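# What the coordinates show
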Amino acid sequence: MREVPALIALAYVSLLSLALLDNIRGPLYPEILHDLSLSATRGSFFFATVSLFAILGNWSSHHLLRRQSCMRWVAYSSWFLAFGFAGIALAPHLSVMLIGCALFGLAYGVLNVLQNVLVHEAAPAHRRRRLFNGLHAMYGMASLAAPLLASQLRDSGFNWRRSFLLVCVFPAAVGVWAFFFRHSEAEPTSAAPQEESAPRLQGVEWKHTAFFAFALGLYLWGELSISTRLPLWLRSERGFTPDQADDMLAAFFLTLLSGRLLFTSLSLKNFSNWTVLTASAALSAVVYMGALMWNPWLFVLVGFTMAPFYPVLMDQAGLHFRKKSSQALGAIIAGGSVSLVVMHIVIGMINDYAGLSTAMGLCACLLGLLALTLWLRPIAKPGRGLTA
């Protein structure tokens, strides 16, 4: 296998294993609440703690790359990811579980940046948007597999603790591959330690970073509210059985995966990244609200409308920041993690006081705000601003 495809393959498989652990939490979340006798507000810290510590991982990734190769950090982070998830599975109560969530979130944050940096620097510029869609199709693939796996394990007599322990095998195996990964001198710069003199974000670039982070944060309120709360909403407010709720979530992830695979195969040269992002956010807002107010099966269509957003945003950020992309992507993804901390707590509180439908309706409205923000994005100097 040639060097660049091997690096991209490692990024793909790494995200596949990370996403499997991330998305198996949603289908098994109702069982966790029941087993630990948690309210929706207290239970929200199960998700919020991961997002909080993912911020630290996002921010630290740029500095970590200056000290050891990207391959080593992928290996170490994959092992810590597995270790933290095992800690969650073995925790006797919420306080101890949050320690495992913190370790899981820290490793999650580092890996999330490294995977995007690997693809950005290993992919040829003319294929980068497609390869970013391919990368995040791996997230869709794992997301599709997670609820189906949860149902199968439940039917086989596995409780949520044993299920969590079983899936820890996947990131542990990725860590072994990354640790023994052999790379040549021709590899992308991210695969080797970076010099302290690497260019840093300055002045207006931080404002642009904040804009990208804000856009990512609003998008994540939409996608993650579905992936983490849809089974609970279907079971508590629509009377679905656990398996029916898992099937609905799997259908959402199937269209998310299909959409990303479709956008991987299409060049869409006639549409700018900003056009794709605005259309994705606007359509997602409309269909999400329709699913809540009219027919839950519209959540299946939301997966398709959301599909291009995350990878296209990462591609646009890479194009905008160029040599500073590793630092910028870390800051942008950290900003998204900050928004998720707030999201999980807010959804939990609104769920307890006004119902989960109201909480998810807020997330649909924020997707509409995202579409408006992208449409009216700041105007800056040609070639350097957010209008390119």
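Each remark here, short or long, concerns the structure printed above.
Residues numbered from 1 in each chain as written. Predicted model: local features only at pLDDT ≥ 70, side-chain atom pairs only at ≥ 80, totals over all residues. Heavy atoms only, no water.

## What to know about the packing of aromatic side chains
- Throughout the structure, instances matching the rule amount to 19 aromatic pairs.
- The interplanar angle of 65° and the centroid separation of 5.0 Å between the aromatic rings of Phe46 and Phe47 together place this pair among those described as edge-to-face.
- Between the aromatic rings of Trp73 and Tyr76, the centroid separation amounts to 5.6 Å while the plane-to-plane angle is 85°, which identifies the pairing as edge-to-face. Taken as a pair, Trp73 and Tyr76 lie in helix H3 (residues 70-90) at a separation of three residues, close to a single helical turn.
- By relative accessible area, Trp73 is classed as buried at 17%.
- Residue Tyr76 is classed as partly exposed on the basis of its relative accessible area of 22%.
- Each residue in the set Trp73, Tyr76, Trp79, Phe179 and Phe180 is aromatic and connected to the rest through ring pairs, giving one cluster. (Phe/Tyr/Trp six-rings, centres within 6.5 Å; stacked < 30°, edge-to-face > 60°. Helix = DSSP H or I, 4+ residues; strand = E, 2+ residues; numbered from the N terminus. Buried < 20%, exposed > 50% of the residue type's maximum accessible area, 1.4 Å probe, protein only.)

## What to know about a nonpolar patch on the surface
- On the surface, Phe214, Leu369, Leu372, Trp375 and Leu376 cluster together to form a nonpolar patch covering roughly 570 Å² of accessible area.
- A per-element tally of the nonpolar patch places helix H14 (residues 356-375) first, with three residues.
- With respect to the helices and strands, the residue Phe214 is situated in helix H8 (residues 204-237). (Patch = residues over 30% accessible without salt bridge, like charges linked within 9 Å, V, L, I, M, F, W, Y side chains within 5 Å. Areas by Shrake-Rupley, 256 points an atom, 1.4 Å probe, with all protein chains shown as cover. Salt bridge = Lys/Arg side-chain N within 4 Å of Asp/Glu carboxyl O.)

## Considering the nonpolar core
- Among the nonpolar cores identified, the biggest contains 130 residues, and Met97, Phe164, Tyr288 and Phe299 are the most heavily contacted of them.
- Tallying contributions element by element places helix H1 (residues 3-36) first for this core, with 17 residues.
- Look past the residues within four positions of Phe164 in its chain and what remains in contact with it is Ile24, Arg25, Leu28, Ile32, Phe46, Phe85, Ile88 and Ala89. (Core = buried A, V, L, I, M, F, W, Y, C linked by side-chain atoms within 4.5 Å. Contact = heavy atoms within 4.5 Å.)

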